[in-house]
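An overview of the molecular structure
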Amino acid sequence: MRILEVDRLGKRFGGLAAAADVGFHVDEGEIVGLIGPNGAGKTTVFNLISGALVPDSGTIQFRDKKITGKKPHQICRAGIARTFQSVQVFPRISVLDHVRLAQLFGNPKSRSGGNKWDAAQILDFVELSGMSALRAMDLTLANQKRLEVARALAAEPELLLLDEVMAGLNPTEVSQAMELARKIQERGVTILMIEHVMKAIMNICDRIIVLNYGQKIAEGVPREIAANQTVIEVYLGATEISNLKSQI
Ligand SMILES: Nc1ncnc2c1ncn2[C@@H]1O[C@H](COP(=O)(O)OP(=O)(O)OP(=O)(O)O)[C@@H](O)[C@H]1O
Ligand SMILES: [Mg+2]
């Protein structure tokens, strides 16, 4: 079943088309990757879906609701949560309070006491429970990224948008982040993820959408994307592909 449908989405910044006629869908339960070179418009698409930016044209449908142009808090409460490419934690606020705050502001069920999880369970799920009293600024980058995921999960989303949660992590941390994404999928949360770490994208995504200069240039399962000549030329490069082919 369709959970997200983006149709002919457009956003310009002055003379630059950051998103031009972008259309794709996400089905319930999938992990879908959004990839492409730097400046391709990936984060812009997330900003449009999450309400941080208003599109110039096109529509965004979440389940049976049009969410085009809605405010970020309305979109979050409708069931879409996100993380940020550059980590946006509150340095002096504790790990536990980040999750509590997100439950209060992002989750409409929390006020009626209808949360599926309490804050401690969410921290346990992302494996941060031993750090709940630490301030966000005292966490490693990998753990700050986990905290962003915890905060997004606190809103109890049906669709989670992950913007480069693996960037800057070492190979062990990348593997752990892949495991976490799979665990989130197993809990029934659909994931749309932007990532440059191709090993991760090719391994965990059910489908991949490729952007370049604001336009969708390819869409398909990982094997199709890894073999797509245009994608190799504009983004993946021949060397990376030969390394990846042994892994997918
Ligand atoms: N608020 C803004 N004002 C002006 N230009 C912007 C703004 N946001 C993004 N852009 C421009 O739009 C284009 C797409 O940016 P975007 O951040 O969406 O790329 P991206 O695909 O996420 O890249 P990266 O992989 O580097 O994160 C870039 O040229 C960027 O400089
Ligand atoms: Mg980006």
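For the structure itself, look to the data block above.
So, here's what we can say about the structure.

About the criteria used
- Residues numbered from 1 in each chain as written.
- Chains lettered and ligands numbered in written order.
- Predicted model: local features only at pLDDT ≥ 70, side-chain atom pairs only at ≥ 80, totals over all residues.
- Heavy atoms only, no water.
- Near = heavy atom within 4 Å.
- Polar contact = N/O pair within 3.5 Å; in protein donor to acceptor, adjacent residues only side chain to side chain.
- Areas by Shrake-Rupley, 256 points an atom, 1.4 Å probe, with all protein chains shown as cover.
- Helix = DSSP H or I, 4+ residues; strand = E, 2+ residues; numbered from the N terminus.
- Nonpolar A, V, L, I, M, F, W, Y, C, P; charged D, E, K, R; others polar.
- 1 Å grid on protein atoms, 1.4 Å probe; cavity = no way out; pocket = protein on both sides within 12 Å on 5 of 7 lines; lining within 4 Å.
- Points joined across faces, edges and corners; volume = space filled by probe spheres on them.
- Core = buried A, V, L, I, M, F, W, Y, C linked by side-chain atoms within 4.5 Å.
- Buried < 20%, exposed > 50% of the residue type's maximum accessible area, 1.4 Å probe, protein only.
- Contact = heavy atoms within 4.5 Å.
- Axes fitted to C-alpha atoms, helices over the stretch in contact; angles between N-to-C directions.
- Parallel < 35°, antiparallel > 145°, perpendicular 65-115°, else oblique.
- Left-handed = near helix turned anticlockwise from the far one by under 90°.
- Patch = residues over 30% accessible without salt bridge, like charges linked within 9 Å, V, L, I, M, F, W, Y side chains within 5 Å.
- Salt bridge = Lys/Arg side-chain N within 4 Å of Asp/Glu carboxyl O.

1. A look at the site of ligand 1
- Around ligand 1, the structure places 14 residues, and the nearest of them are Gly39, Lys42, Thr43, Thr44 and Gln85.
- Between Gly41 and ligand 1, the recorded distance is 2.9 Å, taken from a backbone N or O atom to an oxygen atom.
- Within the contact set of ligand 1, an oxygen atom lies 2.7 Å away from a side-chain nitrogen or oxygen of Lys42.
- Coverage of ligand 1 by the protein chains reaches 62% of its 630 Å² of free accessible surface.
- Considering every element that reaches the shell around ligand 1, the biggest residue donor is helix H1 (residues 42-50), with three residues.
- Of the residues that constitute the shell around ligand 1, the class distribution is five nonpolar, seven polar and two charged.

2. Some points on the layout of surface pockets
- Approximately 550 Å³ is the volume found for the largest pocket.
- Taken together, 22 residues line the largest pocket, and the ones lying closest to its centre are Cys76, Arg82, Phe84, Ala102 and Arg151.
- Residue contributions to the lining of the largest pocket peak at five residues, all from helix H3 (residues 95-106).

3. A few points about the nonpolar core
- Grouped together as the largest cluster of nonpolar side chains are 54 residues, with contacts concentrated most on Leu153, Leu160, Met166, Ile184 and Met193.
- A total of seven residues in this core trace back to one element, the largest contributor, which is helix H5 (residues 141-154).
- In contact with Leu160, other than residues within four places in its own chain, are Ala81, Ala152, Leu153, Ile184, Val189, Thr190, Ile191 and Leu192.
- Core analysis: the next-biggest nonpolar cluster, separate from the first, contains 26 residues, Ile3, Leu192, Ile194 and Ile209 among them.

4. Focus on the packing of H3 against H5
- Packing of H3 against H5 brings their axes to within 7 Å, and their N-to-C directions diverge by 30 degrees. The pairing of H3 with H5 is recorded here as roughly parallel in orientation. You can see that H3 and H5 cross each other, and the crossing is right-handed. Contacts between H3 and H5 involve Val95, His98, Val99, Ala102 and Gln103 from the first element and Leu147, Ala150, Arg151 and Ala154 from the second.
- The class makeup of the residues in the contact of H3 with H5 is six nonpolar, two polar and one charged.

5. A closer look at the environment of Lys70
- Looking at where Lys70 falls in the secondary structure, it is placed in the loop between strand S5 (65-66) and helix H2 (72-78).
- With 101 residues separating them in the primary sequence, Lys70 and Pro171 have C-alpha atoms 38 Å apart.
- In contact with Lys70, not counting residues within four places along its chain, are Gly51 and Ile75.

6. Focus on a nonpolar patch on the surface
- Taken together, Phe90, Ile93, Leu101, Leu104 and Phe105 make up a surface patch of nonpolar side chains, about 460 Å² in accessible area.
- With respect to the element layout, Leu101 can be found in helix H3.

7. Here's the deal with the pattern of salt bridges
- Under the criterion given, the structure shown has 12 salt bridges.
- Between Glu28 and Arg63 there is a salt bridge, with the nearest N and O atoms lying 3.1 Å from each other. Residue Glu28 is located in the loop between strand S2 (16-27) and strand S3 (31-35), and its partner Arg63 is located in the loop between strand S4 (57-62) and S5; the two are separated by 35 residues in the primary sequence.
- The partly exposed category is assigned to Glu28, whose relative accessible area is 37%.
- Using a relative accessible area of 26% as the deciding quantity, one classes Arg63 as partly exposed.
- Ionic pairing is found between Arg207 and Glu30, a salt bridge with its closest N-O pair at 2.8 Å. Taken together, the residues Arg207 in strand S9 (residues 207-212) and Glu30 in the loop between S2 and S3 connect sequence positions 177 residues apart.
- We classify Arg207 as buried; its relative accessible area is 12%.
- For Glu30, a relative accessible area of 12% puts it in the buried group.

Don't take any of this as a statement about function, it's just geometry.
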